[in-house]
There are 2 protein chains.
Amino acid sequence: MTTHPWDTVWLGGTLATFDPNRPGPWGALPEAALGVKNGRIVWIGPLTDLPEPPDVVAREVRSVPDTWITPGLVDCHTHAVFGGDRADEFAARLAGADYAELARAGGGIRSTVRATRAADDEPLRAAAEARLRDLARDGVTTVEVKSGYDLTVEGELRMLDVAHAAGRRAGVAVQGTLLALHALPDEFAHDRAAYVDLVAREMVPRAAEQGRAAQVDAFVEDIAFSAEECAPVFRAARAAGLGLRVHADQLTDSGGAVLAGEWGAASADHLERTSPQGVRAMADGGCVAVLLPGAYLTLRDDHPPPVAAFREAGVPMAVATDLNPGSSPLRSLRTAAALACSLFGLTPAEALAGVTREAARALGLDDRGVLEVGRRADLAVWHVKRPEELAYWIGGELLRTRVLEGIEEG
Amino acid sequence: MTTHPWDTVWLGGTLATFDPNRPGPWGALPEAALGVKNGRIVWIGPLTDLPEPPDVVAREVRSVPDTWITPGLVDCHTHAVFGGDRADEFAARLAGADYAELARAGGGIRSTVRATRAADDEPLRAAAEARLRDLARDGVTTVEVKSGYDLTVEGELRMLDVAHAAGRRAGVAVQGTLLALHALPDEFAHDRAAYVDLVAREMVPRAAEQGRAAQVDAFVEDIAFSAEECAPVFRAARAAGLGLRVHADQLTDSGGAVLAGEWGAASADHLERTSPQGVRAMADGGCVAVLLPGAYLTLRDDHPPPVAAFREAGVPMAVATDLNPGSSPLRSLRTAAALACSLFGLTPAEALAGVTREAARALGLDDRGVLEVGRRADLAVWHVKRPEELAYWIGGELLRTRVLEGIEEG
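These numbers were taken from a predicted model, which means no experiment stands behind them. (Residues numbered from 1 in each chain as written. Chains lettered and ligands numbered in written order. Predicted model: local features only at pLDDT ≥ 70, side-chain atom pairs only at ≥ 80, totals over all residues. Heavy atoms only, no water.)

### Some thoughts on the overall build of chain A
Note the threshold: Numbering of helices and strands starts at the N terminus; helices are DSSP runs of H or I of at least 4 residues and strands are runs of E of at least 2. We compute the radius of gyration over the C-alpha atoms and compare it with the globule rule, which gives 2.2 Å times the number of residues raised to the power 0.38. Burial classification: accessible surface area is computed with a 1.4 Å probe over protein chains only, and a residue below 20% of its type maximum counts as buried, one above 50% as exposed, and the rest as partly exposed. Contacts are assigned to residue pairs with any non-hydrogen atoms lying within 4.5 Å of each other.
A tally of helices and strands in chain A yields 15 helices and 18 strands. In terms of C-alpha radius of gyration, chain A reaches 21 Å, essentially the compact-globule figure of 22 Å for 410 residues. Residues counted as buried form 66% of the 410 residues belonging to chain A. For chain A, long-range pairs separated by at least 24 residues make up 71% of all intrachain contacts whose partners lie at least 6 apart in sequence.

This is how it looks when you write it as structure tokens:
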């Protein structure tokens, strides 16, 4: 019996490594080979430099000529677990209703809170699984899923558990984020401080247990929470070893980006109304700017985030679906990338780095998002002639196959 | 041996008939049954009114509870047959290049003409088939496909033949449209009149043969053709019994809508810069307004078509993908409907009538687009709780099954 050094070798596609140490926008390597062992990338190089013939070096040889191979896509901002939908509100907004008004009137996030609390585990999981499968079908291998539609201790933990269960079944890696500061639950309507205290003292430590959540997020906005209210929750997150995220400056310039920068959050997200001061704070704090064109589109916004300022300040830009029932019913990360180009003026190279390398960075993950020896073998293999196509076609089946920790998921 | 009156009965979904004689925006019929015989709808009504038990009345009983059933979607404006792609131009535009400038410099439509002429039949067909399958996967049963990327007599006919062949293999009904007035071919650069004459005298009559094309279209624009140049071609189309379409007022108000109205064209399409006079002409001429939000998005336009004026004037609005490699690389008609809501302010009910009833009208087809006795049994069966969801979710697999002339295409 022969023993092979590697489990699999992928042959003949062009790699878009997104490795900044390789030249060009894609860090491209044509006619490449990529070796996988125990779910990790163990070798990358020109096919002709393989140390031994393919069938000697690897147990399984996968030949994919005429493809591009990218890192598996990373959707770094979703709310993929929720009960109900809000297609009615979508129609109401198109008939003239305002998002913030709907929220104040008990619609918006709070209507999804009611539907999520009322949902049993099984349908909640099944619906989330279907959404994750939709993302996976378009090349995603890692999805961040936030809590924030239950807003009780047990309920928020349940949402995170459901997210992980849905991810296992859909064949995607899920990273959980505690977003208890998403909306003030009705039962605390007259005691905001008590809710913030509950989040900091109970929810954050429990979400950190067993890896349920890796980051803590907060919706900083007039209709949600203030920077001051975030402070105790962020302190608790740091104490528990969790990273920070901020929903920042989406509807108003409410100081979210400044807050993210000051706390050294992994990212600030949305950013349509971020001030130059906010951009500077993000640059100083090392924050990724997570752009969410699905929400911009669906809310019919006309004030794009300050992309030129992010470029100039050297703030890395990620792109995500923001998949959620209220403001971004978007179930394709490739479409998010295409929208980031057409709505925000990103180049295809920026948008695609935004759904791979920079998205992983927003999640605080240095083991994926780039094709490099030592990282996870999370791959997407595409039927395209050039990577620009991935941010150009909207819809369409471009994915040939998808690999999660070395295992082909089809 | 029992003989059944019907071939198939569909049971238990809610019908969105889009029949204006039924109440509400959807012409909805809950807990419905729909009988099919020889590819046509022969019965529609409440399940409880079935004339005989399902297994007696029909050879095949298909029970689809918890679904909505709509007419199969109709994509009434595509350029789905072409060689090459223009992802490079997409990137160039995002780096600052202008669409009309690229066209004048030999990019744009003319670059696709070169690629299409150079392509063999088989890869041209295979690529078109893949695009039609993408549309079909999202509920489309009828697709209009235009010529216009070859601009020679034999080449334009080849494009139409390829479109029909691709449609047969993809399981969608294709209606061909001759768009020889798409761009002036280089070989006629110094004799525009001779090209127009060739289109009118040779291309139109030959496209009409064997049902290759049912309509003739023209791109009326500063960078394309004038109203005066269209006249002989439109006369030839009328003589050959073909309907008329116009690419109108997309980049400038160049009188396309007025022209469409004056000629009683089936539709005018794009319409971002249509004047009040153009809207009136369309209303008088009975033209459908075909809205193409994919091109608006991709060209980063900020001047939407005059939707309020169309409503007020009673001009019916259809929505299509405009699937093409230059200005609308959009491979989902549902996404076009969602974009028409978010970018143009259509209601979900308007957008969905726009991809069914009004799209069929733009094609001059009165045998589909509405669920009504006597029409084709072209159906889309959806996993949704309400039809608004079809114009709300972007991406995602919502389709349960698709029926073309009574045959389930899966």
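### A few points about the side chain of A:R86
Relative to the assigned elements, A:R86 resides in the loop between β8 (73–75) and α2 (87–94). When residues no more than four places from it in sequence are discounted, the contact partners of A:R86 are A:Y99, A:G108, A:I109, A:S111, A:T112, A:P325, A:G326 and B:Y392.

### Thoughts on the pattern of salt bridges
All names here are of chain A. The test is simple: Salt bridge, as used here, is a side-chain nitrogen of Lys or Arg placed within 4 Å of a carboxyl oxygen of Asp or Glu.
Evaluated as defined, the whole model comprises 68 salt bridges over all chains. A salt bridge links R201 to D197; the nearest nitrogen and oxygen atoms lie 2.8 Å apart. One end of the pair, R201, and the other, D197, are both in helix α7 (residues 192–208), four residues apart, so they sit about a helical turn from each other. On the basis of relative accessibility, which here comes to 62%, the residue R201 falls in the exposed class. A relative accessible area of 36% means that D197 is categorised as partly exposed. Close ionic contact of R361 with E358 constitutes a salt bridge, the shortest N to O distance being 3.0 Å. You can see R361 and its partner E358 sitting in helix α15 (residues 357–362), three residues apart, about one turn around the helix.

### Some thoughts on the domain arrangement of chain A
Residue and element names in this part refer to chain A. Put simply, the rule is: Domains are outlined according to an automatic or database domain assignment. Summed over both partners, the accessible area lost on bringing two parts together, with a 1.4 Å probe, is the buried area.
Split into domains, chain A comes out as domain 1 (6–71 + 370–408) and domain 2 (73–362). Taking only C-alpha atoms, the centre of domain 1 and the centre of domain 2 are 30 Å apart. Each side of the interface is counted separately: domain 1 has 26 residues, and domain 2 has 23 residues. Between domain 1 and domain 2, roughly 1,800 Å² of surface is buried when both sides are summed, and carbon and sulfur atoms account for 65% of that area. The three residues of domain 1 that bury the most area against domain 2 are F18, A391 and R402, which together make up 32% of that side's buried surface. Our enumeration of links across domain 1 and domain 2 arrives at zero salt bridges. Of all the elements in the fold, those that place two or more residues in the side of domain 1 that touches domain 2 are β7 (68–71), β16 (379–382) and β17 (399–404).

### Thoughts on empty space enclosed by the protein
One simple way to see leftover space: roll a probe sized like a water molecule over the atoms. The following threshold applies: Space inside and on the surface of the protein is sampled on a 1 Å grid over the protein atoms alone, with a cavity defined as a set of points where a 1.4 Å probe fits but cannot get out and a pocket as an open set with protein on both sides within 12 Å along at least 5 of 7 lines; lining residues have an atom within 4 Å of a point. Grid points are joined across faces, edges and corners, and a volume is the space filled by probe spheres set on the points. Three categories are distinguished: nonpolar for Ala, Val, Leu, Ile, Met, Phe, Trp, Tyr, Cys and Pro, charged for Asp, Glu, Lys and Arg, and polar for the others, with Gly belonging to the last.
Summed over all chains, the structure comprises six cavities of 30 Å³ or more. In this structure, the largest cavity spans a volume of roughly 390 Å³. Surrounding the largest cavity, 22 residues form its lining, A:G395, A:G396, A:E397, B:G395 and B:G396 being those nearest its centre. Among the secondary structure elements, those contributing two or more residues to the lining of the largest cavity are α5 (121–137) and α13 (333–344) of chain A together with α5 (121–137) and α13 (333–344) of chain B. Tallied by class, residues from the lining of the largest cavity come to two nonpolar, eight polar and twelve charged.

### So, the relation of the copies chain B and chain A
So the rule is basically this: Overlaid copies result from least-squares superposition on C-alpha atoms, with residues included only where pLDDT is at least 70 in both.
Rotating chain B by 180 degrees and moving it 0.0 Å along the rotation axis overlays it on chain A with an RMSD of 0.0 Å. Classification of the inter-copy transformation places it as that of a two-fold axis. The position closest to the rotation axis in chain B is occupied by the C-alpha of B:G395, lying 3.4 Å away. Interface overlap between copies: 98% of the residues of chain B at the interface are likewise at the interface in chain A, consistent with a symmetric, same-surface contact.

### Quick look at the interface of chain B and chain A
Heads up, the condition is: We call two N or O atoms a polar contact when they sit within 3.5 Å, provided that within protein one can donate a hydrogen and the other can accept it, with sequence-adjacent residues counted only if both atoms are side-chain atoms.
Taken together, the contact between chain B and chain A spans 41 residues of the former and 40 residues of the latter. Across the interface of chain B and chain A, roughly 3,500 Å² is buried in total on both sides, 64% from carbon and sulfur atoms. Our count for the contact surface shared by chain B and chain A stands at six salt bridges. Across the pair A:D85 and B:R386 runs a salt bridge whose closest N-O atoms are separated by 2.9 Å. Applying the counting rule to chain B against chain A returns 16 residue pairs in polar contact (both at pLDDT 80 or more). Those elements that provide at least two residues to the side of chain B that touches chain A are α2 (87–94), α5, α11 (293–298) and α13 of chain B. Sorting elements by how many residues they give to the side of chain B that touches chain A places α13(B) first, with six residues. Here the side of chain B that touches chain A is composed, by residue class, of 21 nonpolar, eight polar and twelve charged.

### Brief notes about helix α8 (residues 227–239) of chain B
Residues and elements named next belong to chain B. To keep things clear, this is the line we draw: To estimate the expected span of a helix, subtract one from its residue number and multiply by 1.5 Å.
Under the 1.5 Å per step criterion, the end-to-end length of α8 is 18 Å for 13 residues, consistent within 8% with the ideal 18 Å. Of the positions making up α8, those classed as buried are E229, C230, A231, V233, F234, A236 and A237. As for α8, its buried residues are in contact with β10 (173–181), α7 (192–208), β11 (215–220), β12 (243–248) and α9 (256–263). Just beyond α8, the residue with positive phi is G241, at close to 80 degrees.

### Comments concerning unusual backbone geometry
All names here are of chain A. Residue H270 is not a glycine yet carries a positive backbone phi of 90 degrees. Relative to the elements of secondary structure, H270 occurs in strand β13 (residues 267–270). Not every positive phi belongs to a glycine, and R300 is a case in point at roughly 55 degrees. The class for R300 is partly exposed, based on a relative accessible area of 40%.

### Focus: the packing of α5(B) against helix α6 (residues 153–170) of chain B
Residue and element names in this part refer to chain B. In plain terms, the rule: To get an axis, a line is fitted to the C-alpha atoms, and for a helix only the part in contact is used. The angle between two axes follows their N-to-C directions and goes from 0 to 180 degrees. In these notes the angle categories are as follows: under 35 degrees is roughly parallel, over 145 is roughly antiparallel, 65 to 115 is roughly perpendicular, and the rest is oblique. Throughout, a crossing is termed right-handed when the near helix is turned clockwise from the far one, and left-handed when it is turned anticlockwise from it by less than a right angle.
As a packed pair, α5 and α6 sit with axes 8 Å apart at the nearest point and diverge in direction by 50 degrees. When the axis of α5 is compared with that of α6, the two are oblique. The hand of the α5/α6 crossing is right-handed. Across the interface between the two elements, D121, L124, R125, A128, E129, L132, R133 and A136 of α5 pack against R158, V162, A163, A165, A166, G167, R169 and A170 of α6. Residue classes in the contact of α5 with α6 are distributed as nine nonpolar, one polar and six charged.

### What about the pairing of β11(B)?
Residue and element names in this part refer to chain B. The condition is simple: Only strands joined by at least two bridges in the DSSP assignment are considered to pair. Here, the term right-handed applies to a crossover whose path from the first strand over the helix to the second runs clockwise when the strands point away from the viewer.
With respect to burial, β11 is a largely interior element, six of its six residues being buried. Both faces of β11 are covered, namely the face carrying Q215, D217 and F219 and the face carrying V216, A218 and V220. Bridging between β10 and β11 involves three bridges; their strand directions are parallel. The residue of β11 that forms the bridge with T177 is Q215. Handedness of the crossover joining β10 and β11 through α7: right-handed. With six bridges joining them, β11 and β12 adopt parallel strand pairing. By the bridge assignment, V220 is partnered in β12 with A248. Crossover handedness for the path β11 to α8 to β12: right-handed.

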